[in-house]
Amino acid sequence: MTSASTSTAPGPELLNERSIGGILVHLLSIPTGVVGAGIVYLVATNEFTKRNARNALDWHLAVLALTVLTFGSVFTFAELTGQGITNGITLSEPIAAGGSFVISALFLVWMIITTCTFLVGFIATGKAIFGDAWRYPLTPALVERVSSQVELPGGWPIVIVGYVVFAPLVIGGVFLGPHEGAAFFATVFGLFGLILVLAPLTGVAMYLHAKRASLTDTAGQPHTAAYIGAPVLVAVLAYALSGAFTDSINPGGDAMYVFLAAFWVASIAYVVRWRTTSN
């Protein structure tokens, strides 16, 4: 609910209390989920933007938890009924029938909640236009409860180091690992996590750490954008070359792998510069 002072404020004053980021974060988070809302929440300095991003993030964290529960249950049920990729214990017919009912109900709830994401996102956007940071319905205040833990104990470089360690393991698994079985599925999930979560979070970590440490104001220090922009330019070049000089059927995929590799090099460079500068 907005305060009385907000609701009676004249137009120009009300506009000053709102922000474009606070309005658009709800629409941004519909296709991007936790990643989009989380990035806006982490980089926002405007209080109105941060409140709206926190509300959107609470909803999408709840949806993500429901998604993991739903599809994790589907995968587990398939394994326990002999329909999966392993030869696990097969449930008895009565238990399997009950499990099937529960899985169906859970999947129906997931579909309803996922569909509601569009509705609540548009409602929150409309509320934000009129200066209200609307809390999504039926969502626990997850971010508020753990807000003290958002600032990582070891600092944001831990995220960057995590990318340096995790990226070659995932990419190596894609090219050198098995192409079937549970290990293959683990590699696929790892690749999606690398692209959709860890790489964007690493870019945010660079921005926040450089901002806090004032690295961009230090003589001879490249701007943080260079660590992100250079891999993007390399990926664009790889896409153009792949389409023009190779027979690749997926230049976009080639460019993505090139970006991940180039961003890995940039992350190493950032960590090295951070260590040498701090010392």
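Placed above this text is the structure.
What counts, and at which threshold
- Residues numbered from 1 in each chain as written.
- Predicted model: local features only at pLDDT ≥ 70, side-chain atom pairs only at ≥ 80, totals over all residues.
- Heavy atoms only, no water.
- Phe/Tyr/Trp six-rings, centres within 6.5 Å; stacked < 30°, edge-to-face > 60°.
- Helix = DSSP H or I, 4+ residues; strand = E, 2+ residues; numbered from the N terminus.
- Buried < 20%, exposed > 50% of the residue type's maximum accessible area, 1.4 Å probe, protein only.
- Axes fitted to C-alpha atoms, helices over the stretch in contact; angles between N-to-C directions.
- Parallel < 35°, antiparallel > 145°, perpendicular 65-115°, else oblique.
- Left-handed = near helix turned anticlockwise from the far one by under 90°.
- Nonpolar A, V, L, I, M, F, W, Y, C, P; charged D, E, K, R; others polar.
- Contact = heavy atoms within 4.5 Å.
- Core = buried A, V, L, I, M, F, W, Y, C linked by side-chain atoms within 4.5 Å.
- Domains from an automatic or database assignment.

A. Broad picture of the packing of aromatic side chains. The final tally for this structure, using the stated rule, is 9 aromatic pairs. Between Trp59 and Tyr136 the ring centres are 5.7 Å apart and the planes differ by 40°, which places this aromatic pair in the tilted class. Of this pair, Trp59 sits in helix H4 (residues 47-80) while Tyr136 sits in the loop between helix H5 (93-129) and helix H6 (142-145), placing them 77 residues apart in sequence. Considered together, Trp59 and Tyr136 belong to a single accessibility category, that of buried residues. Here the aromatic rings of Phe71 and Phe107 are separated by 6.0 Å at their centres, their planes lie at 80°, and the arrangement is edge-to-face.

B. Structural view of the packing of helix H3 (residues 20-43) against H4. Following both chains from N to C, one finds H3 and H4 inclined at 45°, their axes separated by 8 Å at the closest point. Classed by the angle they form, the pair H3 and H4 counts as oblique. Here the hand of the crossing between H3 and H4 comes out right-handed. The residue makeup of the contact of H3 with H4, split by class, is 13 nonpolar, 9 polar and 2 charged.

C. Inspection of the environment of Pro168 at higher detail. Here Pro168 lies in helix H7 (residues 157-176). Remark: the alpha-carbon pair of Pro168 and Leu260, spanning 92 residues in sequence, is separated by 9.1 Å. If sequence neighbours within four positions are ignored, Pro168 has contacts with Tyr163 and Trp264.

D. Layout of the environment of Leu24. Tracing the chain through its elements places Leu24 in helix H3. A relative accessible area of 44% means that Leu24 is categorised as partly exposed.

E. Layout of the nonpolar core. Among the nonpolar cores identified, the biggest contains 40 residues, and Tyr136, Tyr163, Leu194, Leu260 and Phe263 are the most heavily contacted of them. Going through the elements one at a time, H3, H4, H5, H7, helix H8 (181-213), helix H9 (224-245) and helix H10 (251-278) are the ones with two or more residues in this core. In terms of residues, this core owes the most to one element, H8, which gives 9 residues. Composition of this core by domain shows at least three residues from each of domain 1 (11-148) and domain 2 (152-278). Setting aside anything within four residues of it in sequence, one finds Tyr163 in contact with Pro168, Leu194, Leu198, Ala199, Thr202, Leu260, Phe263, Trp264 and Ser267.

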